[in-house]
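Notes for the structure review
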Amino acid sequence: MSVRSKVIEAIQQIAREQHVALPALSDDLSLHETGFDSLAFAILVARLEDETGIDPFTISEDAAFPATVGDFVRAYENVPA
């Protein structure tokens, strides 16, 4: 399964668990528009770290939180090996 697929699947699963009406996901969808609150994002990052072994937001000193779904996916895709 690709990194993109893992991230999208995790977003969809957490939306179901948190009872969030998730809009259609696209790369240009603002993370604010996903309906996720800070708890849902924390769960998402923690779950992806458990699954992938990485947290792209803590491995870099200059990491900024992404603005769109595409930015979020790329943060995981672009982690150096």
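Before reading on, note that the structure itself is shown above.
Residues numbered from 1 in each chain as written. Predicted model: local features only at pLDDT ≥ 70, side-chain atom pairs only at ≥ 80, totals over all residues. Heavy atoms only, no water.

1. A look at the packing of helix 1 (residues 3-17) against helix 2 (residues 38-52)
- The contact between helix 1 and helix 2 brings their axes to 10 Å, and the two run at 135°. Comparing the axis directions of helix 1 and helix 2 gives the class oblique. When you trace helix 1 past helix 2, the crossing you get is right-handed. From helix 1, Lys6, Val7, Ala10, Ile11, Gln13, Ile14 and Glu17 reach across to helix 2, where they touch Ala40, Ile43, Leu44, Arg47, Leu48 and Glu51. (Axes fitted to C-alpha atoms, helices over the stretch in contact; angles between N-to-C directions. Helix = DSSP H or I, 4+ residues; strand = E, 2+ residues; numbered from the N terminus. Parallel < 35°, antiparallel > 145°, perpendicular 65-115°, else oblique. Left-handed = near helix turned anticlockwise from the far one by under 90°. Contact = heavy atoms within 4.5 Å.)

2. Focus on the packing of aromatic side chains
- Counted according to the given criterion, the structure contains seven aromatic pairs.
- Relative to Phe65, the ring of Phe57 has its centre 5.1 Å away and its plane inclined at 35°; by these criteria the two rings are tilted.
- You can call Phe65 partly exposed: its relative accessible area is 45%.
- Through a chain of ring-to-ring contacts, the aromatic side chains of Phe36, Phe41, Phe57, Phe65, Phe72 and Tyr76 assemble into a single cluster. (Phe/Tyr/Trp six-rings, centres within 6.5 Å; stacked < 30°, edge-to-face > 60°. Buried < 20%, exposed > 50% of the residue type's maximum accessible area, 1.4 Å probe, protein only.)

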